[in-house]
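For reference, the chains in residue letters:
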Amino acid sequence: MTGSDRTAERKLREMLYAVEMEQTLGKARILQLYLDNAPWGGTICGAEAAARRYFKRSARTLEPAQAVWLAAMLHKPQAVLEQWRRDGHIDADRTKWVAESIRGISRAQREALLKGVAAAKFTAPEAMQ
């Protein structure tokens, strides 16, 4: 759409597209579209598919620590998935950063979330054959 060249012209086009998308769709719809299509490692695309594959439940019913793990995976989904399978956990600093970045929750909720994320131990999914 905007090409792969690294120029000021390309950045300007991208900015104009972003502004137009936000005005047309709104931030909530853009986020929904992103989460419906984002890669989560392997062949998994979308938050719902990731929740079902990694936690055997719907995205709507994830525990807060599970939701934080999925959000933390978005940075480098394949590398995080491989680390999870290899080490049994994902980057603790990244998950903490994600939990601390959540807006609209009370201090007590944030402390409980951070405690839950720090204590979380989820079984990594087996590689798909």
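The structure displayed is predicted, hence computed values, not measured ones.

Peer 1: So what's going on with the overall build of the protein? Which residues, and what values?
Peer 2: Looking only at helices and strands, the protein features seven helices and zero strands. Each helix and strand of the protein, placed in order from N terminus to C terminus, yields the pattern α-α-α-α-α-α-α. In terms of overall dimensions, the protein has a C-alpha envelope of 45 × 40 × 25 Å along the principal axes. Taken across its 129 residues, the protein has 29% of its residues classed as buried. The contacts in the protein between residues at least 6 apart in sequence include a share of 42% that link residues at least 24 apart. The averaged location of the 15 negative side-chain charges in the protein is 4 Å from the averaged location of its 21 positive side-chain charges.

Peer 1: Tell me about the side chain of Ser58, and please be specific about residues and values.
Peer 2: Mapped onto the elements of the fold, Ser58 is located in the loop between helix 3 (47–55) and helix 4 (64–73). The class for Ser58 is buried, based on a relative accessible area of 16%. Here Glu48 takes part through its side chain, which lies 3.3 Å from a polar atom of the side chain of Ser58. Dropping the residues within four chain positions of it, Ser58 is found in contact with Glu48, Ala51 and Arg52.

Peer 1: I'd like a description of the packing of helix 3 against helix 4, backed by residues and values.
Peer 2: Helix-helix packing: each pair is described by the crossing angle between the helix axes and the interaxial distance. Relative orientation of the contacting elements helix 3 and helix 4 amounts to 120 degrees, with a least axis distance of 11 Å. For the crossing formed where helix 3 meets helix 4, the hand is right-handed. Mapping the contact onto sequence places Ala47, Ala50, Ala51, Tyr54 and Phe55 in helix 3 and Gln66, Trp69, Leu70 and Met73 in helix 4. Taken together, the residues that form the contact of helix 3 with helix 4 break down as eight nonpolar, one polar and no charged.

Peer 1: Describe the nonpolar core, listing the residues and the values that go with them.
Peer 2: With 26 residues, the main nonpolar core has Trp40, Tyr54, Phe55, Leu70, Met73 and Trp84 as its most contacted residues. Counting residues per element, the ones that place at least two in this core are helix 3, helix 4, helix 5 (77–87), helix 6 (92–101) and helix 7 (107–119). Sort the elements by how many residues they give to this core and helix 4 lands first, with six residues.

Peer 1: Mind laying out the pattern of salt bridges, listing which residues take part and the relevant values?
Peer 2: Considering all chains together, one arrives at seven salt bridges under this definition. Across the pair Arg13 and Glu9 runs a salt bridge, and its minimum N-O distance is 3.0 Å. With Arg13 and Glu9 both in helix 1 (residues 8–25), this residue pair falls four residues apart, about one helical turn. Looking at Arg13, the relative accessible area reads 26%, which means it is partly exposed. A relative accessible area of 55% places Glu9 in the exposed class. Linking Lys27 and Glu22 is a salt bridge whose minimum nitrogen-to-oxygen distance equals 3.8 Å. A relative accessible area of 60% means that Lys27 is categorised as exposed.

Calculation notes
- Residues numbered from 1 in each chain as written.
- Predicted model: local features only at pLDDT ≥ 70, side-chain atom pairs only at ≥ 80, totals over all residues.
- Heavy atoms only, no water.
- Helix = DSSP H or I, 4+ residues; strand = E, 2+ residues; numbered from the N terminus.
- Buried < 20%, exposed > 50% of the residue type's maximum accessible area, 1.4 Å probe, protein only.
- Contact = heavy atoms within 4.5 Å.
- Lys, Arg positive; Asp, Glu negative; His and termini not counted.
- Charge placed at Lys NZ, Arg CZ, Asp CG, Glu CD.
- Polar contact = N/O pair within 3.5 Å; in protein donor to acceptor, adjacent residues only side chain to side chain.
- Axes fitted to C-alpha atoms, helices over the stretch in contact; angles between N-to-C directions.
- Left-handed = near helix turned anticlockwise from the far one by under 90°.
- Nonpolar A, V, L, I, M, F, W, Y, C, P; charged D, E, K, R; others polar.
- Core = buried A, V, L, I, M, F, W, Y, C linked by side-chain atoms within 4.5 Å.
- Salt bridge = Lys/Arg side-chain N within 4 Å of Asp/Glu carboxyl O.

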